[in-house]
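Residue strings, one per chain:
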Amino acid sequence: MKDIVNLFIKLIQINSVSGEEEKIREFIINLIKNKKNFTYQIDKIGNLFVKTKGKGKPILFCAHLDTVEPGRGIKPQIKNGFLTSSGKTILGADNKVFVALLVDLLINHQINRNLEIIFSVKEETGGGIEFFPFNWLKAKTGIIFDNANPVGGIVLRSPEIINFYIEFLGKSTHASTPDKGINSLLPTIEFLKKIKIGYSNKKNTTVNIGLLNSGTAINSIPENTIIKGEIRSYDNKNFIYLKNKFKKTINLIQKKFKGNINIKFDGYCPGYQHKKNDKFLKKIFKIIKENKIKPYFLNKSGISDANILNFRKIKTVVLSDGVIEPHTTRERININDFLILKKIFFDLVNFL
Ligand SMILES: [Zn+2]
């Protein structure tokens, strides 16, 4: 029982903020390299891929090695049955709880089935799993424990997201002679009035302007205004509709504006939706239930490696890991939850 907790404690003490996963990858390789029955490869970006030889259809498990900041020099503590940090850093349970489960499986247990395991990099920042060589994979289904909710949660969907950047380029002049300049703030205000910020026309879509930069002085007309924001949606049709609406709105405003407006979209992240009555999900549901944990579905979630994997046609389901307040210095996990998670994970390995 304590093995998994000890392994976890070792793993979180290895610094691995996004982009600096080398040490933890080496640590895992050192543990697994002399074991028979599986092979490993590292791709160009640093994702570690392990493949076991066994029976049955291959199934994919994917855990990310990186953490957010403050994630250096983590000092784990056990308090009232919880694993926590000293309070100065995160704990790194996101996602090292799952990394520990996978490494423990590889080094301490006999595995009789075909498993494909990705220890991914840069999950928190993007730029990791996207570059994985997908021709290495045979699995058509996958599991990820990377959702901070009580154990038993099955994530049904994740939104698609795109970022937008709009530059309004005018001409500066003194505040007393507005007719001599081109005020870039005016078309910006017009644009902001025409789009709906917050929940959009439909509740399953949100629009956010996160950044607005304009002007240089109180007494001059702002030459340039830049806004940066995102569209986030569970409804692909509405997502495309809004993207086009933004472009059209900009085109209309441009016709009246003497300066220039540029709109650019990037940082696209695909979304996904699973059905409750899908065979794979039903099996997962049953396995959780058999462990005397109440399975439940989650309709809202953040982004994980599953977005890319689903986009790549590997039906990947994200499950809750019992981690509390990840990405904060209060991040923690109950040791009992961790042990229940291990049981569920083993049953998924054996019976999925
Ligand atoms: Zn995570």
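Within every chain, residues take consecutive numbers counted from 1 along the sequence as written. Per-residue local features of the predicted model are confined to residues with pLDDT of at least 70, and side-chain atom pairs are confined, for both listing and counting, to 80 or more; whole-chain, interface and lining totals are unaffected and use all residues.

K.L.:
What am I meant to see in the overall build of the protein here?
P.N.:
Helices and strands together make up the secondary structure of the protein, namely eight helices and 18 strands. With the principal axes as the frame, the protein shows a C-alpha extent of 80 × 45 × 40 Å. Per-residue burial over the protein gives 37% buried out of 352 residues. Contact definition: two residues whose C-beta atoms, as placed from backbone geometry, lie within 7 Å. Taking all contacts inside the protein whose residues are at least 6 apart in sequence as the whole, residues at least 24 apart take part in 75%. Comment: elements are numbered from the N terminus, with helices defined as DSSP H or I runs of at least four residues and strands as E runs of at least two. Residues with at least 20 neighbouring C-beta atoms inside 10 Å of their own are called buried, those with 12 or fewer are called exposed, and the rest are partly exposed, where every C-beta is derived from the backbone.

K.L.:
Any chance you could explain the domain arrangement of the protein here in plain terms?
P.N.:
Size of an interface, as often reported, equals the accessible area lost when the parts are brought together. In terms of domains, the protein is made up of domain 1 (2-158 + 271-351) and domain 2 (160-269). The straight-line distance from the C-alpha centre of domain 1 to that of domain 2 is 39 Å. In this complex, domain 1 contributes four residues to the contact, which on the side of domain 2 involves four residues. Ten residues, namely Ala, Val, Leu, Ile, Met, Phe, Trp, Tyr, Cys and Pro, are considered nonpolar, four, namely Asp, Glu, Lys and Arg, are considered charged, and the remaining ones, Gly among them, are considered polar. Here the side of domain 1 that touches domain 2 is built from residues that sort into one nonpolar, two polar and one charged. Residue ranges for the domains trace back to a domain assignment, done automatically or taken from a database.

K.L.:
Got a minute to help me understand the packing of helix α3 (residues 93-108) against helix α8 (residues 335-351) in this structure?
P.N.:
Each axis is a line fitted through C-alpha atoms, and for a helix only the stretch in contact is used; angles between axes span 0 to 180 degrees, taken between their N-to-C directions. Their axes nearest at 11 Å, the elements α3 and α8 cross at an angle of 55°. Of the possible angle classes, the one that applies to α3 and α8 is oblique. The way α3 lies across α8 gives a crossing that is right-handed. Counting all contacts with α3, which are made through Val97, Leu101 and Leu105, the residues of α8 involved are Phe338, Leu341, Lys342, Phe345 and Val349. Of the residues contributing to the contact of α3 with α8, the split by class is seven nonpolar, no polar and one charged. To sort the angles, those under 35 degrees are grouped as roughly parallel, those over 145 as roughly antiparallel, those from 65 to 115 as roughly perpendicular, and the leftovers as oblique. Rotating anticlockwise by less than a right angle from the far helix to the near helix defines a left-handed crossing, while the corresponding clockwise rotation defines a right-handed one.

K.L.:
Would you explain the nonpolar core in this entry?
P.N.:
Burial of nonpolar side chains together is a common tendency in soluble globular proteins. In this structure, Val97, Val99 and Leu102 are the most contacted members of the largest nonpolar core, which totals 63 residues. Counting residues per element, this core draws most heavily on α3, which supplies ten residues. For this analysis, nonpolar core means a set of buried Ala, Val, Leu, Ile, Met, Phe, Trp, Tyr and Cys residues linked through C-beta atoms within 7 Å. Counting seven residues, the second largest nonpolar core, distinct from the first, contains Phe164, Ile166, Phe239 and Phe246.

K.L.:
When you look at the sheet that holds strand β5 (residues 82-84) in this model, what are you seeing that I'm missing?
P.N.:
Strand pairing in a sheet relies on backbone hydrogen bonds, with the paired strands running either antiparallel or parallel. Strands qualify as paired when DSSP identifies two bridges or more between them. Taken in spatial order, the three strands make up an open sheet running β4-β5-β18, and their pairing is antiparallel. Unpaired on one side and paired on the other, β4 (77-79) and β18 (332-334) mark the two borders of the sheet. Direction aside, the axes of adjacent strands within the sheet are offset by 25° on average. Examined bridge by bridge, β5 and β18 share three bridges and lie antiparallel to one another.

K.L.:
Even after reading the chapter, I still don't get unusual backbone geometry, so can you show me in this structure?
P.N.:
A cis amide bond, omega -10°, links Glu69 with the succeeding residue Pro70. Relative to the helices and strands, Pro70 is located in the loop between β3 (55-64) and β4. In this structure, the amide linkage connecting Asp94 to the following residue, Asn95, adopts the cis form with an omega of 20°. Unusually for a residue other than glycine, Asn80 sits at a positive phi of about 50°.

K.L.:
Which parts of the structure should I look at to understand the packing of helix α4 (residues 185-194) against helix α5 (residues 236-256)?
P.N.:
Any two packed helices are characterised by the angle at which their axes cross and by the distance between the axes. Remark: α4 packs on α5, axes separated minimally by 10 Å, with the N-to-C direction vectors making an angle of 145°. Like other packed secondary-structure pairs, α4 and α5 cross with a definite hand, here right-handed. Mapping the contact onto sequence places Pro187, Glu190, Phe191 and Lys194 in α4 and Thr249, Ile250 and Ile253 in α5. Split by residue class, the contact of α4 with α5 holds four nonpolar, one polar and two charged.

K.L.:
What exactly am I supposed to notice about the environment of Ile24 here?
P.N.:
Along the chain, Ile24 turns up in helix α2 (residues 22-32). The spacing of Ile24 and Asn163 is 139 residues in sequence and 31 Å in space, taken between C-alpha atoms. Leave out the neighbours within four places in its chain, and Ile24 touches Leu11, Ile14, Ser16 and Leu65.

K.L.:
Would you take a moment to explain the sheet that holds strand β14 (residues 260-269) for this structure?
P.N.:
Taken in spatial order, the five strands line up as β11-β12-β13-β10-β14 in an open sheet, and their pairing is antiparallel. Only two strands of the sheet have a single partner each, and these edge strands are β11 (198-199) and β14. One ladder, built from two bridges, connects β11 with strand β12 (residues 205-214); its direction is antiparallel. Across the sheet, Tyr199 pairs through a bridge with Thr206, a residue of β12.

K.L.:
Mind showing me how you'd approach the environment of Asp347 here?
P.N.:
Considering the arrangement of structural elements, one finds Asp347 in helix α8. Through-space distance from the C-alpha of Asp347 to that of Glu331 is 27 Å; in sequence the pair is 16 residues apart. Excluding residues that lie within four positions of it along the chain, Asp347 makes contacts with Ile287, Glu290 and Asn291.

K.L.:
Hey, could you run me through α5 in this one?
P.N.:
Since the α-helix advances by 3.6 residues per turn, residues separated by three or four positions end up pointing in the same direction. One fewer than the residue count of a helix, multiplied by 1.5 Å, yields its expected span. The first and last C-alpha atoms of α5 sit 31 Å apart over 21 residues, in line with the 30 Å expected at 1.5 Å per residue. For α5, the complete set of buried residues consists of Phe239, Leu242 and Phe246. Projected down its long axis, α5 carries its buried residues within an arc of 60°, all on one side. Residues of α5 that are exposed and point over 90 degrees away from its buried face: Asn236, Lys237, Asn244, Lys248, Asn251 and Lys255. Tucked into the core, α5 has its buried residues touching β10 (160-169), β12, β13 (224-233) and β14. Note that the arc is defined by the directions from the helix axis to the C-beta atoms.

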